[in-house]
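# Understanding the architecture of this molecule
The lines below spell out each chain.
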Amino acid sequence: MKEVFYSDLRTALYNVIPTEDIGKVMDVVSLQMGKYDLTLKPTEIVVYDHGDANMIKRFFVAKATEGLTEESLKAYRRTLAQALNTIGRHIKDIQTDDVRLLLAQMRVTGKSAAYQNFVRRTLNTFFGWITKEDYIKTNPMLRIASIREPKKVKLPFSEEELEQLRLHAGSLRNQAIVEFLYSTGCRVSEMCGLNIEDLNLVDNEVMVLGKGKKYRMVYFSPRCKALLQQYIATRTDEEKALFVSDYSGMKSDINKDKHERLGKSGVEVLVREIGKRAGIQNVHPHRFRRTAATLALKRGMKITDVQKMLGHSDIKTTTIYAQSTDDEVKREHEKYLV
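Now for a quick tour of the structure. These numbers come from a predicted model, not from an experiment.

Parameters at a glance
Residues numbered from 1 in each chain as written. Predicted model: local features only at pLDDT ≥ 70, side-chain atom pairs only at ≥ 80, totals over all residues. Heavy atoms only, no water. Core = buried A, V, L, I, M, F, W, Y, C linked by side-chain atoms within 4.5 Å. Buried < 20%, exposed > 50% of the residue type's maximum accessible area, 1.4 Å probe, protein only. Helix = DSSP H or I, 4+ residues; strand = E, 2+ residues; numbered from the N terminus. Contact = heavy atoms within 4.5 Å. Phe/Tyr/Trp six-rings, centres within 6.5 Å; stacked < 30°, edge-to-face > 60°. Lys NZ or Arg CZ within 6 Å of the ring centre and 35° of its normal. Axes fitted to C-alpha atoms, helices over the stretch in contact; angles between N-to-C directions. Parallel < 35°, antiparallel > 145°, perpendicular 65-115°, else oblique. Left-handed = near helix turned anticlockwise from the far one by under 90°. Nonpolar A, V, L, I, M, F, W, Y, C, P; charged D, E, K, R; others polar.

Grouped together as the largest cluster of nonpolar side chains are 46 residues, with contacts concentrated most on Phe180, Leu228, Phe243, Val267 and Phe288. Elements with a contribution of two residues or more to this core: helix H7 (159–167), helix H8 (172–184), helix H9 (188–192), strand S1 (205–209), helix H10 (222–234), helix H11 (264–278), helix H12 (285–298) and helix H13 (303–310). Setting aside residues no more than four positions away along its own chain, phenylalanine 288 makes contact with Phe157, Leu162, Leu165, Val178, Leu181, Tyr182, Val271 and Val283. Core analysis: the second largest hydrophobic core is formed by 29 residues, Leu80, Ile91, Phe127 and Ile144 among them.

What characterises a pair of aromatic rings is the spacing of the ring centres plus the angle enclosed by the ring planes. What the rule picks out here adds up to nine aromatic pairs. Residues phenylalanine 180 and phenylalanine 243 carry aromatic rings whose centres are separated by 6.3 Å and whose planes lie at 75 degrees to one another, so their mutual orientation is edge-to-face. One end of the pair, phenylalanine 180, is in helix H8; the other, phenylalanine 243, is in the loop between H10 and H11, and 63 residues separate them in sequence. Judged by its relative accessible area of 0%, phenylalanine 180 falls in the buried class. One aromatic cluster in this structure is built from Phe59, Phe60, Phe126, Phe127 and Trp129. The residue whose ring lies beneath arginine 77 is phenylalanine 60, and the NZ or CZ to ring-centre distance is 5.2 Å. Taking NZ or CZ as reference, lysine 92 lies 4.8 Å from the ring centre of tyrosine 135, over its face.

Here we come to unusual backbone geometry. Positive phi outside glycine occurs at aspartate 134, with the angle close to 65 degrees. Mapped onto the elements, aspartate 134 comes out in the loop between helix H6 (113–132) and H7. Owing to a relative accessible area of 56%, aspartate 134 belongs among the exposed residues under this scheme. Positive phi, close to 55 degrees, is recorded for asparagine 204, a residue that is not glycine. When you line up the elements, asparagine 204 lands in the loop between H9 and S1. With a relative accessible area of 14%, asparagine 204 lands in the buried category.

What follows concerns the packing of helix H1 (residues 2–13) against helix H2 (residues 19–33). Contact geometry of H1 with H2 gives a least axis separation of 11 Å together with a crossing angle of 150 degrees. With respect to H2, the element H1 is oriented roughly antiparallel. For H1 against H2, the interelement crossing comes out right-handed. Two secondary-structure elements touch here, H1 through Lys2, Phe5, Tyr6, Leu9, Arg10 and Leu13 and H2 through Ile22, Val25, Met26, Val29, Ser30 and Met33. A class-by-class count of the residues in the contact of H1 with H2 yields nine nonpolar, one polar and two charged.

Everything listed here is a matter of geometry and, on its own, says nothing about what the molecule does.
Rendered as structure tokens:
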């Protein structure tokens, strides 16, 4: 029984702690467990057997080689583990009704339709893959329909709001970040991965690494170029990242001279603070991307060019930004139906 426990523990620790530390943890646990007898509770359901664990591991290796980001892989792992543990059966024994019950439990406990759909998509991807691998004969997800989600109009910034954000950005670094997010339409992760040397300040362009590990060229405005040049000119650190953390003004002087690559969470915090100063709600990095797409389409850019700018593999994703708001429909109605 202990050997089964040790095997399950190793599997549980994989991707939770650094691989090189698993052996150390197992040594400590083994020493402590020597004092105790271990029995399996009769009522306990063993979710995974060794075949299940191996198949799950192979699934994530396949997803990683397809180009999924580590962030996406973590979301998949967390969601899949929670779903399978809630169902409480070996993977080969899971039936369509088990999945229906899982989704019903989620509805009863108040989980959003969007979250339910994410769980359904995760299970659909997993069971579709292991069916192709002949690990199971029948895919339990074939008769599970998507959950209807209430459609919300996600508004971009108005041009007035964009100006207010520019005015309240504060530091030169923050001004450059606001302008870069808007003028390029980049994802925040794409911006955070850039180095100074990646910039082509002659042609106002830069190559970014997007989803699926695909590179694409994006372009920035003359205003953005000027801010980037001014910001870079103030840098005295040796960090190669385009944007670095700014610890100035902190209570402690320990980190005042520390510079390191600015991460996604750091950008989210700083634009949220800019929004508070500007009196604008719901300010986050992706909203700059939405604004860039919406204004580009409104001003006449072809939707196929907007698709390339944003790095969308499917133009259906781009068409989301082409949907008119109620205010725009009202203005058009007043113009034509008098």
